[in-house]
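Summary of structural features
Residues per chain, in single letters:
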Amino acid sequence: MKLKQGRKILRYRERLDQPLGFNPFVFSRSFLLWALLGLLGGVIAGLYWIVLEFLTHQIAFFQGWLVIPVMALGGLLAGLIIHFIGDPGEIHLMVNNIRFNKGKLDPKNNPSMILSSLLCVASGGSLGPEAPLVQITGSTGTWLGKLFRLKGEDLRSLSIAGMASGFTALFGAPLGGSLFSLEILHYKYAVEYYRAIIPAFVASCFSYLVFALIIHLGLGPVWDLSAYAYSGIFDFAYAVLFAGIGAILGWTFIGCTKIFKVAFERKPLPIYLKTLIGGLLLGSIAYYYPITRYFGHHEINTLLTSSYSLAFLGGILVFKIIAISITVTSGWRGGFIIPLFFVGATAGLILHELFPSINLSLAVVSCMAAINACVTRTPMSTTILLATLTGFGHFIPILFASLTGYFLAPKTPFIGSQMKKQ
């Protein structure tokens, strides 16, 4: 009698462990786990975005010379949060943990990352919310994986899927977000993590749906570029040429960042003093060039629809690169993908001002794609992501420009942990 009861218990346990064991489709329990992670990621991203928009509108009330003390105060408060609550780390640490720490992202640093990044982005820093969201949702994937007792590559795949869900929610590009979460880990051997592509894609789709419902996001291009019309075989040559200029700007940004990193590390200072100094410098730049304030999501449309002189566009280009470099090196938290797109858009406008006969959309998207691919080493996801944000009519020139930017990138990657071997 006891033996029969024992066998029944074992059968019930097997059914619980594999409730879809008799399912004839590819659909499985893993799909439900990926979908759940995507739903969580979408909720997190939606709530983060609502709070960020609220804080940004409140702080944007202060303009003119007031931006200097306001951004300095924002930097100081963010630095104090990091000092007392804990350092959430940067994208280098996240990549290292995914690759070398069995795919584990520690969620205990999320409170510090959420609070500090909200202050940094909302007060006008030249970094966007994509990196904080990727870290937060990625660590949520780790937490969920541990909750369901996943180990090894299954846990790593769920962490990567979490990263993809956060990235996708912000950009509205499920396939681009999925590829980005793989490419950012290793610029040469993204295929090592290819088993995570389906979990990432499923989580991204569900995350995007939830995020779109929360903030009423619409489908379609985000930035107002006129439709690109193919005018001849030389368009590909132009795309490569403009991409070369974008790659030069990528090198310039990397060099500028190294200079400011040396300056901020010359004398050991508490993190809150670094962020305070960074806020003073960023506020000063924003006073003279207000459009360089913030990370560029809305500012790119302002840039494209406004009429600036060539000299002023040159100033925007130079000081935006400096602003991003200061934000990265002074301890402010955020991501640099959208700010780099802003730099690329500015470069495209300058080219059009210098040579009015060239296609404006072609120049803008080529420079945007090249500078991002040069710095992040993500040509595939950059192509799909930027095509989604600007309209898929630009897909082919973006592809050529992304590959050009990638192959003209410096041998030592900007994200140093991409280069290390496992």
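Moving on, we get to the environment of P111. For P111, the location among the structural elements is in helix α5 (residues 110-122). Sequence-wise, P111 and I82 are 29 residues apart; in three dimensions their C-alpha atoms are separated by 9.6 Å.

Our next topic: the packing of aromatic side chains. Counting across every chain of the model gives eleven aromatic pairs. Taking the centre distance of 4.0 Å and the plane angle of 10° together, the rings of F167 and F180 count as stacked. Of this pair, F167 sits in helix α7 (residues 152-171) while F180 sits in helix α8 (residues 174-183), and the two are 13 residues apart along the sequence. For F167, a relative accessible area of 2% puts it in the buried group. With 4.9 Å between their ring centres and 75° between their planes, Y406 and F407 make a pair best called edge-to-face. Overall, Y406 belongs to the buried group, its relative accessible area being 18%. A residue is classified by how much of its surface remains accessible, and F407, at 62% relative accessible area, is exposed. Clustering of aromatic rings is evident, with ring pairs tying together Y289, Y308, F312 and F319.

Let's shift gears to the packing of helix α10 (residues 234-265) against helix α17 (residues 395-407). At their nearest, the axes of α10 and α17 sit 8 Å apart, and the two run at 40° to each other. Overall, the two elements α10 and α17 adopt an arrangement that is oblique. In this structure, α10 crosses over α17, and the sense of that crossing is right-handed. Where α10 abuts α17, its residues F236, A239, V240, A243, G244 and A247 lie against I396, P397, F400, A401, T404 and G405.

Right, let's talk about the nonpolar core for a bit. Within the largest apolar cluster, 95 residues are counted, with the highest numbers of intra-cluster contacts made by W223, F336 and F341. In terms of residues, this core owes the most to one element, helix α14 (residues 337-354), which gives eleven residues. When sequence neighbours within four positions are dropped, the list of residues in contact with F341 reads W223, I300, M368, N372, L385, L386 and L389. W34, L144, V202 and A203 belong to the second largest nonpolar core, which has eight residues in total.

On the surface, a nonpolar cluster with roughly 540 Å² of combined accessible area is contributed by L36, L39, L40, W143, L147 and F148. Elements supplying a minimum of two residues to the nonpolar patch: α2 (29-59) and α6 (130-147). The dominant element in the nonpolar patch, judged by the number of residues it contributes, is α2, at three residues. In this fold, L40 is placed in helix α2. Overall, the relative accessible area of 30% leaves L40 in the partly exposed class.

Right, let's get into helix α15 (residues 360-376). Between its first and last C-alpha atoms α15 spans 24 Å; for 17 residues at 1.5 Å apiece the expected length is 24 Å, and the two agree. Sitting at the head of α15, N359 places a side-chain oxygen 3.0 Å from the backbone nitrogen of S361. Positive backbone phi, at 60°, marks R377, one or two positions downstream of α15.

Moving on, we come to the environment of V70. Here V70 shows up in helix α3 (residues 67-85). Taking the C-alpha atoms as reference, V70 lies 9.6 Å from A60; in sequence the two are ten residues apart. Beyond its immediate sequence surroundings of up to four residues, V70 is in contact with I59, F62 and R293.

What follows concerns the environment of S325. Following the sequence through the fold, S325 ends up in helix α13 (residues 310-329). Judged by relative accessible area, S325 falls into the buried class, the value being 0%. Residues contacting S325, with those up to four places away along its chain left out, are F253, C256, T257 and F260.

The subject of this paragraph is unusual backbone geometry. Look at Y294: it is not a glycine, yet its phi comes out positive at around 75°. Along the chain, Y294 turns up in the loop between α11 (271-288) and α12 (299-305).

Relative to the helices and strands, S123 is located in the loop between α5 and α6. Not counting the four nearest positions on each side in its chain, S123 is found in contact with I59, M71, G74, R293, Y294 and W332.

Calculation criteria
- Residues numbered from 1 in each chain as written.
- Predicted model: local features only at pLDDT ≥ 70, side-chain atom pairs only at ≥ 80, totals over all residues.
- Heavy atoms only, no water.
- Helix = DSSP H or I, 4+ residues; strand = E, 2+ residues; numbered from the N terminus.
- Phe/Tyr/Trp six-rings, centres within 6.5 Å; stacked < 30°, edge-to-face > 60°.
- Buried < 20%, exposed > 50% of the residue type's maximum accessible area, 1.4 Å probe, protein only.
- Axes fitted to C-alpha atoms, helices over the stretch in contact; angles between N-to-C directions.
- Parallel < 35°, antiparallel > 145°, perpendicular 65-115°, else oblique.
- Left-handed = near helix turned anticlockwise from the far one by under 90°.
- Contact = heavy atoms within 4.5 Å.
- Core = buried A, V, L, I, M, F, W, Y, C linked by side-chain atoms within 4.5 Å.
- Patch = residues over 30% accessible without salt bridge, like charges linked within 9 Å, V, L, I, M, F, W, Y side chains within 5 Å.
- Areas by Shrake-Rupley, 256 points an atom, 1.4 Å probe, with all protein chains shown as cover.
- Salt bridge = Lys/Arg side-chain N within 4 Å of Asp/Glu carboxyl O.
- Expected span 1.5 Å × (residues − 1).
- Polar contact = N/O pair within 3.5 Å; in protein donor to acceptor, adjacent residues only side chain to side chain.

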